[in-house]
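Listed below, chain by chain, are the residues.
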Amino acid sequence: MLDQGTAPPATGDDQSSPRPTAGLGARLMRRKPVERLVAEGGQGEGGSLRRSLGMWQLTMISIGATLGTGIFVVLGEAVPKAGPAVVVSFILAGLTALFSALSYAELAGTIPVSGSSYSYAYATLGEIIAWVCGWCLILEYGVSVAAVAVGWGEYLNELLDGTIGVTIPAALSNPPGEGGGWFNLPALLVVLLCMAFLLGGAKESARANTIMVGVKIVALLLFCAVAFMGIRAGNYKPFMPLGLGGVSAAGASLFFSYIGFDAASTAGEEAKDPKKDLPKAIMLSLLIVTAIYVLVAAVAVGAMPWGDFEGSEAALAGIMKDVTGQSFWAVLLAAGAVIAIASVVLTVLYGQTRILFAMSRDGLVPKTFSKVHEKTGVPRANTVIVSVFCGLLAAAVPLGELANATSIGTLFAFALVNVAVIVLFFTRPDMKRSFKVPLSGIRVPLGSRRIPLAPVFPAIGFGFCVYMMLNLPGITWQWFGGWMAVGLVIYFLYGKSRSRLALEETQVTLEK
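The following paragraphs examine the structure supplied in this document. Every chain begins its residue count from 1, and numbering advances along the sequence as written. pLDDT decides what is reported in this predicted model: residues at 70 or higher carry local features, side-chain atom pairs at 80 or more are listed and counted, and totals for whole chains, interfaces and linings draw on all residues regardless. For the side-chain quantities, the full set of heavy atoms in the structure was used; hydrogens and water were omitted.

### Some points on the overall build of the protein
Part 1 of the reasoning: Under the scheme used here, helices are H or I runs from DSSP no shorter than 4 residues and strands are E runs no shorter than 2 residues, and both carry numbers assigned from the N terminus. When helices and strands are counted, the protein shows 21 helices and four strands.
Part 2 of the reasoning: Contacts between residues were defined by any pair of non-hydrogen atoms, one from each residue, lying within 4.5 Å. Residue pairs at least 24 apart in sequence account for 83% of intrachain contacts in the protein once pairs closer than 6 positions are excluded.
Part 3 of the reasoning: For the protein, the computed accessible surface area is about 18900 Å², with 67% contributed by carbon and sulfur atoms. Each accessible area value is a Shrake-Rupley result obtained with a 1.4 Å probe; residue values ignore everything except the protein chains displayed when judging cover.

### Regarding empty space enclosed by the protein
Part 1 of the reasoning: Buriedness of a pocket was judged along seven lines, with at least five required to meet protein on both sides within 12 Å; pockets are open sets of points on a 1 Å grid over the protein atoms alone, cavities are sets where a 1.4 Å probe fits but cannot get out, and lining residues have an atom within 4 Å of a point. Grid points are joined across faces, edges and corners, and a volume is the space filled by probe spheres set on the points. Scanning the model with the defined rule gives six cavities of 30 Å³ or more in all.
Part 2 of the reasoning: Where the lining of the largest cavity is concerned, the elements lending two or more residues are α11 (202–227) and α16 (327–361).
Part 3 of the reasoning: At four residues, the largest contribution of residues to the lining of the largest cavity is made by α11.
Part 4 of the reasoning: Lys, Arg, Asp and Glu make up the charged group, whereas Ala, Val, Leu, Ile, Met, Phe, Trp, Tyr, Cys and Pro make up the nonpolar group; the residues left over, Gly among them, are polar. Among the residues forming the lining of the largest cavity, the class breakdown is seven nonpolar, three polar and no charged.
Part 5 of the reasoning: In this model, the second largest cavity occupies a volume close to 40 Å³.
Part 6 of the reasoning: Along the walls of the second largest cavity sit K32, L37, E40, V113, S119, E269, A358, R361 and D362, which together make up its complete lining.
Part 7 of the reasoning: Looking at the lining of the second largest cavity residue by residue, the classes come out as three nonpolar, one polar and five charged.

### Side note on the pattern of salt bridges
Part 1 of the reasoning: The salt bridge criterion pairs a side-chain nitrogen of Lys or Arg with a carboxyl oxygen of Asp or Glu, the two atoms within 4 Å. Enumeration over the complete set of coordinates arrives at ten salt bridges.
Part 2 of the reasoning: Of the charged contacts in the structure, one is a salt bridge between E127 and R30, with a shortest N-O distance of 3.0 Å. Placement of E127 in helix α8 (residues 127–163) and of R30 in the loop between α1 (24–28) and α2 (34–39) is noted, with a sequence separation of 97 residues between them.
Part 3 of the reasoning: Exposed residues in this analysis have more than 50% of their type's maximum accessible area, buried residues have under 20%, and partly exposed residues fall in between, with area computed by a 1.4 Å probe over protein chains only. Given the relative accessible area of 0%, E127 is considered buried.
Part 4 of the reasoning: Residue R500 pairs with E40 through a salt bridge whose shortest N-O separation is 3.5 Å.

### Remarks on the packing of helix α6 (residues 86–110) against helix α14 (residues 274–303)
To describe two helices that pack against each other, one gives the angle between their axes and the distance between the axes.
Part 1 of the reasoning: Inter-axis angles, ranging from 0 to 180 degrees, are taken between N-to-C directions of lines fitted to C-alpha atoms, where helices are fitted over the stretch in contact. Direction vectors running N to C along α6 and α14 enclose 175 degrees, while the axes themselves pass 9 Å from each other. Compared by their axis directions, α6 and α14 come out roughly antiparallel.
Part 2 of the reasoning: Classifying every residue of the contact of α6 with α14 gives 22 nonpolar, three polar and one charged. By the definition adopted for this analysis, an angle is roughly parallel if under 35 degrees, roughly antiparallel if over 145, roughly perpendicular if from 65 to 115, and oblique otherwise.

### Thoughts on the packing of aromatic side chains
Part 1 of the reasoning: Note on aromatic pairs: the rings of Phe, Tyr and Trp (six-membered ring only in Trp) are paired at centre separations within 6.5 Å, and the planes decide the class, stacked below 30 degrees, edge-to-face beyond 60, tilted for the rest. Summed over all chains, the structure comprises 15 aromatic pairs.
Part 2 of the reasoning: Each ring, one from F90 and one from Y293, has its centre 5.1 Å from the other, and the planes form 40 degrees; the classification is tilted. In this pair, F90 sits in helix α6 while Y293 sits in helix α14, placing the two residues 203 residues apart along the sequence.
Part 3 of the reasoning: Looking at F90, the relative accessible area reads 0%, which means it is buried.
Part 4 of the reasoning: Look at W182 and F183: their rings are 6.1 Å apart centre to centre, the planes differ by 40 degrees, and that puts the pair in the tilted class.
Part 5 of the reasoning: Residue class for W182 comes out exposed when judged on its relative accessible area of 55%.

### Comments concerning the packing of helix α7 (residues 117–124) against α8
Part 1 of the reasoning: Running from amino to carboxyl end, α7 crosses α8 at an angle of 170 degrees, the nearest separation of the two axes being 7 Å. Judged on the interaxial angle alone, α8 and α7 are roughly antiparallel. Residue-level inspection shows S117, Y118, A121 and Y122 of α7 in contact with α8, the latter providing E127, I129, A130, C133, G134 and L137.
Part 2 of the reasoning: Considering only residue class, the contact of α7 with α8 consists of seven nonpolar, two polar and one charged.

### Digging into the side chain of T124
Part 1 of the reasoning: By the secondary structure assignment, T124 is in helix α7.
Part 2 of the reasoning: The class of T124 is buried, set by a relative accessible area of 7%.
Part 3 of the reasoning: Within polar-contact distance, the side chain of T124 engages the backbone oxygen of Y120 at 2.8 Å.
Part 4 of the reasoning: When sequence neighbours within four positions are dropped, the list of residues in contact with T124 reads R31, A420, V423 and L424. Residues adjacent in sequence count toward polar contacts only when both atoms are side-chain atoms; beyond that, a polar contact is any pair of N or O atoms within 3.5 Å, and within protein one must be able to donate a hydrogen and the other to accept it.

### Section: the side chain of S265
Part 1 of the reasoning: As for its placement among the helices and strands, S265 is situated in helix α13 (residues 260–265).
Part 2 of the reasoning: The class for S265 is buried, based on a relative accessible area of 0%.
Part 3 of the reasoning: Discounting chain neighbours no more than four positions away, the residues touching S265 are Y104, A108, V113, S116, Y120 and L278.

### A closer look at the nonpolar core
The nonpolar side chains of a soluble globular protein tend to be buried with one another.
Part 1 of the reasoning: Judged by nonpolar contacts, the single largest core of 152 residues is most densely connected at V86, F223 and L316.
Part 2 of the reasoning: Residue contributions to this core peak at 21 residues, all from α8.
Part 3 of the reasoning: V86 has contacts with L75, A78, V79, L254, A297 and V301, leaving out every residue within four places of it along the chain. Grouping buried Ala, Val, Leu, Ile, Met, Phe, Trp, Tyr and Cys residues that are joined through side-chain atoms within 4.5 Å yields what is termed a nonpolar core.

### Comments concerning unusual backbone geometry
Part 1 of the reasoning: Residue K237 is joined to P238 through a cis peptide bond whose omega torsion reads -10 degrees.
Part 2 of the reasoning: Among the secondary structure elements, P238 is positioned in the loop between α11 and α12 (243–254).
Part 3 of the reasoning: One non-glycine residue, S116, adopts positive backbone phi at about 55 degrees.

By themselves, these figures tell us nothing about what the structure is for.
Pasting the structure below:
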């Protein structure tokens, strides 16, 4: 079984033994066989990751990494772009995520490893593409942790104000340049708190996350029940004041809120039965999260005029206060948001460390990131380095720029996953898959023959991702281009020569 670390014999181009390659292009496009990726699952420097997560825990990791951010934090920035039609923006972002989620589900069941889309690209598209994908994931996850942590301080102040009448001074609760802030201390603290949970082990972290997910679902349903009483039909008019462009722009920024199933796929080497459970967890979590997002957004824009959302990063708490006229409900929601956002930080931070773990094992980043603590089964140094970096980033960078940077990194990685499914369909058609993207391989008549239909949904998913990327602002593309340039420099100066495949090919050449 693939999920148990064994694999069928490799055939064709996917031989497990390294072969020397001649040209630069061939070296850059060398692939790591699927069988080898699976066989190395869990192995790190000095220890191994532990398989301790079941389907329910994987689903909670996926929901934990998704549910909360787009509603509790980014809603205040998305509504001014789309108006009441932000509901459509959530559906558009969710639909885009759905097509990509189908591709993730197929690859997560076929290649159940920690590297997520980085590993999928390494097996199908080649090393240089895998590096670019991994570099995007570092942007996606690392910046996502920081972006979410920035919003955490807003709700923490709401909670403190409603309970003890004290708030953290603006200078220490806002990022530099926003509202008189110069260092966002709460953002740093929540990241360090989640780091402490992660250092305890994957099973312990998953247990804490499950509790937090339950709390935030209850908090959001409570918001819907209370805010429903404040809905005014006039708040939905005009429904699309900024046109389809506004809806698309909001959807592109909200896509940042749908990276949860990607986080679940990074748990492939710590899942008990990843081949069976990962596809189920990915699809189930996406359906639950999208339904809750749309419901909460519809109630929120009905209860408060869309123009009032401008500049509000704790919009839901404000709505609860306005509707009831009492601070109790707003305080209760703020408490739920504090827990909810911490859950997102915890699970996304987890995903970031596991991606770097996989890249380190392949030699593309330093070995420090793949060292596993023997007692806890956790990449300890990796977790500390990533947490401190993300915490400092959260404390020093404004939320809006962070959210857009995360969206473009997410969309780019998702686009590559869709391409990987298509490539694997043609290069390894006979590989056993525990989940298949619908309609893939169905034979359709063509003249006197019946030919297999290429994966249609991944192609649609790729198109959606490109469309959403094109709706992001130019400054985001400039940041993305700069990030990619830095990544390529690092690859050619470090990763290209230290890659395990490169070293093995060199050894084979010397032996000859």
